[in-house]
Every structure is written in C-alpha cells, then in structure tokens.
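Each chain is listed here by its residues.
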Amino acid sequence: MDDLTHTIEGVFRRESGKIIAALIRIARSFDLAEEAMQDACVAAMKEWRRAGIPNNPAAWLMTAARRRLIDYARREQTRRDKEGDVARHFDPAPADAAVADDSSYPDDRLRLIFTCCHPALSVDAQVALTLRTLGGLTTSEIARAFLLPEPTLAQRLVRAKRKIQAARIPYHVPAPDVIPQRLLSVRAVLYLIFNEGYTATAGEALIRQELCAEAIRLGEMLCELLPNVAENLGLLALMLLHDSRRAARVNARGELVTLEEQDRSLWNRSQIDEGLRLVDLALSLSDIGPYQLQAAIAALHVSAANAVDTDWREIAAIYEALESRHPSPVVTLNRAVAIAMSEGFEHGLAIIEALGESGELDSYAPYHASRADLLRRIGRSADAIRAYERALSLTANAVERRYMRRRLAELSGTPLVVENENEVLV
C-alpha cells in the first residue's frame, strides 16, 4: 500500500461517519450517500496523486461527494427539471462550496445514530448498519468480524435500508422525552459490537481488536454528541477498562489467560486512567444505571495491584445493587462468583447450584464454566469434569475451547497432544 492510499484510507476511517451522515441528510438515501462517498474516494486517488493532498482532505471529499449527488440527479432528470429536483432533494448550499466547517456534523451523526439503531430494525440490522455507516467498515470487513458469509451480511444491509424506506423511519433526533429510551438501543448496539470483539463468539481468535476499537470510537463519539449523559460515560468507561487488559488475555502461545493469572504490567495504563476518570464523572452525574455499575466493578478489578488484593466484597455488593435494579440470571451468576471469591467457594457454589435449578442458564457456557471452576477449587474433580465438558459442548471459540480442554486434562490426568494445531485429549 503506497502512502497516498494509506492517507485516503486514514481520512476515510476518521471522517466517513461525519461525511456519510451529512450526505444521507442531503440525499435522503443511504445507497446514494455511500455511492457518492465511494466515487469521491476514487476521484481523490486520481486528483491527489496529481496535485498533492489538500490541506483539508475531509472537506475535499465532502465537496466531491456533494457534486456526485447532483450528478446523479442530473442523470435522472431532464435539464429543465434538474433545478427543481435539486432544490427539492438537496440542501441549498452550492455544490462547489468546500465543507470546511464541522459545525453541522454532530447533528448529522446524531441523526444517523438514532436511525441506525431504530427499534423497528432487528438488532442484527442495527449492528450492521451502524458499523457500515458510522464506522466506515466495508461489508466484507463486517462479515469477517462476525464470521458471516459476505452475501448474508450484504443482504442484511439491503433489508435494513429497505425497512427504513418502507417504514418511513425518520432521519432526525427524537424528541427530548424519547431520547433516554431510544438511547437504550444505541448503547446496547455499541456494547454488543464491543463484546463480540472482546470475546468472539466463534472462530480461532479470542479477540477481534478492530471491533473493540470501533465500539470504543463510537462510544467516544456518542459522549461527544451527548455530553454529560451518565450512562453514555459509563458505557465508554466500561469498554475502556475491559479493553485495557487486552494484551494480557492471551499469551504468546495463543492460550487464554484468566484475569486471576494475567500479567498486570501488560495492562494499558492510559486506558485505565481514562476509564477511572470517566467512572468518577459518570457516578457523580445522575441516577446510577447498569453501565455505570458494571464500570465501577471493572474499575475495582483494574485498581488491584494483584489478584489477591481484589476487593471481591465490594464487587459482590455492586453486583447486588445491579441485581436489585436490573435483575437477570447472568447478574446473579456474577454475584455468586464474587461471593465465592470473598466468602468462600462453597457459599458461591451453593448460589450457582440454586440458580441452575430453573434451567434458564442451561445453554449458557459461562454458567457451566463458572460452576466447573468452583468445583475444581474445592476438589470435586469428577463433578468439575462433567461441568467443563458441558461448557465445552456449548463453546465455539477455539481459544476458550483449548482452555477448557487443558482444565479437563489437568483434572483427569489425561495428556494433551496437538493435532493440526488443535489440542485433543488422548
């Protein structure tokens, strides 16, 4: 890749969300906006190679894309009708005016966030459309990240755009009284993107760094557009604090390293410092929400000098507060683990066993893995083996599967061998 191509790709990554959002407002069409942006990038490759990179590459791209939009209108209308069509469908700014002023961009991006995450769309569609438009990821990049065939992902995007048009989903910021409820969907989409990057559902890699980075970038954008919204800050803090441990989560051999065993010198101190600052700010602003509470838990983990110093009692107390506000079996499971680490393995295991009686978590691999770990710690090897086997049967990620096989080998005394890069019991 030459320097020019690298520069254009860098500008596209940084600015595409702003430019696409503005183009969609002008054209009222996702497809036309994306086509205009692509044409502008092609034109930039030619012109910048000839004349050099302009002082404001983003403004150059925006101007070029606007011109493409008017070209599209001209091709579809007679010359006599063209002026009226442009006046009806495009904003009145001159087509050759360089868009150097970013003042209109935040509102455009905010409109686009709420459009992409509209509750009328499926969650899968919300995720794909958010990454495609605001994130600037290509269809193939999104498909690879979620281990989907590219045609499947492409169809998902097409259906989402058609739904927006058919349902007449408005391209605007919701009324103030609706924003808090709609923000729940926005935050859920961003955290879903992050979680898929943090612990990939399937595949050979545990972490998909590009998805974590994109979710964090979008979270920063959300905080920029809606400053001092406590739960937005809490979500960003949570993602930063989790991501700060990324370098320590997999060792040089590609093996999973649990939080308890991680080399904390590998943690990203700048992310930790920013995450802790955001936690303090979020907790000082308003009523406490689930992302703020989860961020507070993550803050306690990263603040401990070592695993022994982790304040598990405080973590259990925060999980109890989270459970009282937003009850769920997964929150109860996490509280049980914290109680096990602070009050005794048997105590935590008893809560987990009681939780399992409902059957709600029977297909949830972390439930069986957590139960297996506590059984292992108290010496109930046979029961731990059965629990690990159940967790293994529900896990598709190769790194997590190798970790569980290693635990099974340790418990059963059966050696592990490598066949075609996959560890198997013999």
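**Q** When you look at the overall build of the protein chain in this model, what are you seeing that I'm missing?
**A** For the protein chain, the count of helices and strands is 19 helices and four strands. Long-range contacts, defined here as pairs at least 24 residues apart, represent 64% of the contacts in the protein chain between residues at least 6 apart. Accessible surface for the protein chain amounts to roughly 20500 Å². Of this, 51% is attributable to carbon and sulfur atoms.

**Q** Is there a simple way to explain the side chain of Ser370 in this structure?
**A** Summarising the element assignment, Ser370 is placed in helix α17 (residues 365-377). At a separation of 2.8 Å, a polar atom in the side chain of Ser370 contacts the main-chain carbonyl oxygen of Pro366. Excluding residues that lie within four positions of it along the chain, Ser370 makes contacts with Leu333, Val337 and Ile352.

**Q** Can you help me understand the pattern of salt bridges in this one?
**A** Oppositely charged side chains can pair when the atoms bearing their charge come close. Overall, the coordinates contain 26 salt bridges when judged by the stated rule. Linking Arg132 and Glu34 is a salt bridge whose minimum nitrogen-to-oxygen distance equals 3.9 Å. Of this pair, Arg132 sits in helix α6 (residues 123-133) while Glu34 sits in helix α2 (residues 30-51), and the two are 98 residues apart along the sequence. Residue Arg217 is joined to Glu214 by a salt bridge in which the shortest nitrogen-to-oxygen separation is 2.6 Å. Linking Arg217 with Glu214, this pair stays in helix α10 (residues 209-225), spanning three residues, or about one helical turn. Overall, Arg217 belongs to the partly exposed group, its relative accessible area being 26%. Each of Asp31, Glu34, Arg132 and Lys161 takes part in salt bridges that share partners, so that together they form one network.

**Q** Help me out: how do you make sense of the layout of surface pockets in this one?
**A** Empty space among the atoms becomes apparent when a probe as large as a water molecule is rolled across them. Approximately 380 Å³ is the volume attributed to the second largest pocket. Among the elements of the structure, α1 (3-27), α2 and α8 (150-166) are those that each provide at least two residues to the lining of the second largest pocket. The leading source of residues in the lining of the second largest pocket is α8, at five residues. Here the residues of the lining of the second largest pocket are counted per class, giving eight nonpolar, four polar and five charged.

**Q** Hey, could you run me through unusual backbone geometry in this one?
**A** Although it is not a glycine, Arg168 sits at a positive phi angle of roughly 55 degrees. Along the chain, the position of Arg168 falls in the loop between α8 and α9 (179-198). Residue classification places Arg168 among the exposed positions, given a relative accessible area of 72%. Unusually for a residue other than glycine, Asn228 sits at a positive phi of about 65 degrees. Along the chain, Asn228 falls in the loop between α10 and α11 (230-243).

**Q** Help me understand the packing of aromatic side chains in this model?
**A** Each aromatic ring pair is specified by the distance between its two centres and by the angle formed by the two planes. Scanning all chains against the criterion turns up four aromatic pairs. For the pair Trp48 and Trp60, a centre-to-centre distance of 5.4 Å together with 75 degrees between the ring planes defines the contact as edge-to-face. A residue pair is termed long-range when its members are at least 10 positions apart, and Trp48 in helix α2 and Trp60 in helix α3 (residues 57-76) qualify at twelve residues. The partly exposed category is assigned to Trp60, whose relative accessible area is 25%. Ring centres of Tyr191 and Tyr291 lie 5.6 Å apart, and the angle between their planes is 90 degrees; this geometry places the pair in the edge-to-face category. Of this pair, Tyr191 sits in helix α9 while Tyr291 sits in helix α13 (residues 290-303), and the two are 100 residues apart along the sequence. Pairwise contacts between aromatic rings join Tyr191, Phe194, Tyr198 and Tyr291 into one cluster.

**Q** I keep staring at the packing of helix α15 (residues 329-343) against helix α16 (residues 345-356) and nothing clicks. Help me out?
**A** Each pair of packed helices can be described by the angle between their axes along with the distance between the axes. The contact between α15 and α16 brings their axes to 6 Å, and the two run at 160 degrees. In this view, α15 runs roughly antiparallel relative to α16, as classed from their interaxial angle. You can see that α15 and α16 cross each other, and the crossing is left-handed. Contacts between α15 and α16 involve Pro329, Thr332, Leu333, Arg335, Ala336, Val337, Ile339, Ala340, Met341 and Glu343 on the former and, on the latter, Phe345, His347, Gly348, Ile351, Ile352 and Leu355. Taken together, the residues that form the contact of α15 with α16 break down as eleven nonpolar, three polar and two charged.

**Q** Sorry, what's going on with the side chain of Arg264 here?
**A** Summarising the element assignment, Arg264 is placed in the loop between α11 and α12 (269-285). Non-local contacts of Arg264, meaning those with residues more than four positions away in its chain, are made with Leu259, His301, Ala304, Ala305, Asn306, Ala307 and Thr310.

**Q** Got a minute to help me understand the nonpolar core in this structure?
**A** Soluble globular proteins tend to bury their nonpolar side chains together. Ranked by size, the top nonpolar core spans 86 residues in total, and within it Leu23, Leu61, Leu112, Ile113, Leu129, Phe194 and Met239 carry the most contacts. For this core, the element with the highest residue contribution is α1, accounting for eleven residues. Among all residues touching Phe194, those that are not within four sequence positions of it are Cys212, Ala215, Ile216, Met239, His242 and Asp243. Within the second largest apolar cluster, 34 residues are counted, among which are Ala316, Leu322, Leu374 and Ile385.

**Q** Got a minute to help me understand the environment of Ala120 in this structure?
**A** Within the element layout of this structure, Ala120 appears in the loop between α5 (105-116) and α6. When the C-alpha atoms of Ala120 and Ile169 are compared, they prove to be 8.2 Å apart, with 49 residues separating the residues in sequence.

**Q** Help me out: how do you make sense of the packing of α12 against α13 in this one?
**A** Packing of α12 against α13 leaves a shortest axis separation of 10 Å and a crossing angle of 140 degrees. Between α12 and α13, the crossing angle belongs to the class labelled oblique. Judged by the twist between their axes, the crossing of α12 over α13 is left-handed. The segment α12 lies against α13, with Arg269, Ile272, Leu276, Val279, Ala282 and Leu283 engaging Gln292, Ala295, Ala296, Ala299, Val302 and Ser303.

Rules behind the numbers
- Residues numbered from 1 in each chain as written.
- Predicted model: local features only at pLDDT ≥ 70, side-chain atom pairs only at ≥ 80, totals over all residues.
- Heavy atoms only, no water.
- Helix = DSSP H or I, 4+ residues; strand = E, 2+ residues; numbered from the N terminus.
- Contact = heavy atoms within 4.5 Å.
- Areas by Shrake-Rupley, 256 points an atom, 1.4 Å probe, with all protein chains shown as cover.
- Polar contact = N/O pair within 3.5 Å; in protein donor to acceptor, adjacent residues only side chain to side chain.
- Salt bridge = Lys/Arg side-chain N within 4 Å of Asp/Glu carboxyl O.
- Buried < 20%, exposed > 50% of the residue type's maximum accessible area, 1.4 Å probe, protein only.
- 1 Å grid on protein atoms, 1.4 Å probe; cavity = no way out; pocket = protein on both sides within 12 Å on 5 of 7 lines; lining within 4 Å.
- Points joined across faces, edges and corners; volume = space filled by probe spheres on them.
- Nonpolar A, V, L, I, M, F, W, Y, C, P; charged D, E, K, R; others polar.
- Phe/Tyr/Trp six-rings, centres within 6.5 Å; stacked < 30°, edge-to-face > 60°.
- Axes fitted to C-alpha atoms, helices over the stretch in contact; angles between N-to-C directions.
- Parallel < 35°, antiparallel > 145°, perpendicular 65-115°, else oblique.
- Left-handed = near helix turned anticlockwise from the far one by under 90°.
- Core = buried A, V, L, I, M, F, W, Y, C linked by side-chain atoms within 4.5 Å.

These figures come from the coordinates and say nothing about function on their own.
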